[in-house]
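# Observations on chain architecture
What follows is each chain in one-letter form.
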Amino acid sequence: MAPGPAPDLLPAGLDFPDFPPGWVWLVGAGPGDPGLLTLHALHALRHADVIVYDALVDERILGLAPAATERLYAGKRGGRPSARQADISETLVSLARSGRRVLRLKGGDPFVFGRGAEECQYLHAHGIPFRVVSGITAGIGGLAAAGIPATVRETNAAITFITGHAANGDVPETLNWSALAHASPVLVFYMGLKHLPVIVDRLISAGRSAETPAAAVAEATTPRQRVVTATLGTLVEAITTAGLHPPAIVVVGDVVSLRDIIAAGAGHPGR
Ligand code: SAH
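Since this is a predicted model, take the numbers as computed values, not measurements.

So, on to the side chain of Thr212. For Thr212, the position within the fold is in the loop between α7 (196-205) and β8 (213-218). For Thr212, a relative accessible area of 8% corresponds to the buried category. A distance of 2.6 Å separates the side chain of Thr212 from the backbone oxygen of Ser209, its partner in a polar contact. Apart from residues lying up to four places away in sequence, Thr212 is in contact with Ala230, Thr231, Leu232, Val252 and Gly253.

Moving on: the packing of helix α3 (residues 85-97) against helix α4 (residues 116-125). The relative placement of two packed helices is expressed as an angle between their axes plus a distance between the axes. The interhelical angle for the contact between α3 and α4, taken along N-to-C directions, is 45°, at an axis separation of 10 Å. In terms of orientation, α3 and α4 fall into the oblique class. Every pair of crossing elements has a handedness; the one defined by α3 and α4 is right-handed. Of α4, the residues touching α3 (which contributes Gln85, Ile88, Ser89, Glu90, Leu92 and Val93) are Glu118, Glu119, Tyr122 and Leu123. A breakdown of the residues in the contact of α3 with α4 according to their chemical character gives five nonpolar, two polar and three charged.

Not every one of the 18 residues close to the ligand is listed here, only the nearest: Pro31, Val112, Thr137, Ala220 and Ala248. Backbone polar atom of Gly107 to a nitrogen atom of the ligand: 3.0 Å apart, as the coordinates give it. Separating an oxygen atom of the ligand from a backbone N or O atom of Ala138 is a distance of 2.9 Å. Protein coverage of the free-state accessible area of the ligand, which is 550 Å², stands at 94%. For the shell around the ligand, the per-class residue count stands at 12 nonpolar, three polar and three charged.

What counts and how
Residues numbered from 1 in each chain as written. Predicted model: local features only at pLDDT ≥ 70, side-chain atom pairs only at ≥ 80, totals over all residues. Heavy atoms only, no water. Helix = DSSP H or I, 4+ residues; strand = E, 2+ residues; numbered from the N terminus. Buried < 20%, exposed > 50% of the residue type's maximum accessible area, 1.4 Å probe, protein only. Polar contact = N/O pair within 3.5 Å; in protein donor to acceptor, adjacent residues only side chain to side chain. Contact = heavy atoms within 4.5 Å. Axes fitted to C-alpha atoms, helices over the stretch in contact; angles between N-to-C directions. Parallel < 35°, antiparallel > 145°, perpendicular 65-115°, else oblique. Left-handed = near helix turned anticlockwise from the far one by under 90°. Nonpolar A, V, L, I, M, F, W, Y, C, P; charged D, E, K, R; others polar. Near = heavy atom within 4 Å. Areas by Shrake-Rupley, 256 points an atom, 1.4 Å probe, with all protein chains shown as cover.

Structural measurements only, silent on function.
If you want it as structure tokens, here you go:
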């Protein structure tokens, strides 16, 4: 039996689903701040036998699991050798088959540019039972931490999440830049820093005004969070001058101009 929930961490009187041996829980850890974890994520952290975690999972979050819980790194950053997706999926299957409670912990939300669906397909194909727990995605939580609202009634009736990085490492070729430039009032790029000059160029060439407010939020919701605001035309230079590094969310759209008021009023975000 797993230890019961720690009374100081999980509220009494709520029913949490069972985490049976042999199951995989695919859980989003949110953008970094442990306060943005879901209660289900915390429950899973405290009951798992083994945690298979990604590079973007904050160490303070891993620290919420009991010290005896095994932790396996499956990330792709930090100079450590990168784990292949097929190997990660196979690891999940074999850990589950060995009768462990496997917590697959991913940054943000597992289904937002996180390959969660691929892992579910693999688990399903191998007869492994699993549960998915959503997390706060960086494109929402990261913006909020910088004082940038995802939608504002007068400004945008839509928001678009885009990856700046295709499976082959290039800017995704399937994107319709003209449609994005004209029809999407707010564009939120994940993994957008590397190819930002190309992205900016395509948007402006497709007709988006270079004066559109734009921002980048790096390491959002962590103590290392940094925010750069500029315009679409000046963002690349502003990021270079500031020395911003991934992981970062890039946002293009008029919502960015509310940051001055919201960040100041909220009294906390945005260095
Ligand atoms: N599943 C994740 C996204 C994984 S893709 C989610 O839902 O948030 C990795 C990209 O997410 C990074 O390159 C960056 O663009 C973004 N990202 C994740 N965490 C971030 C953070 N704390 N601050 C800024 N960007 C972040």
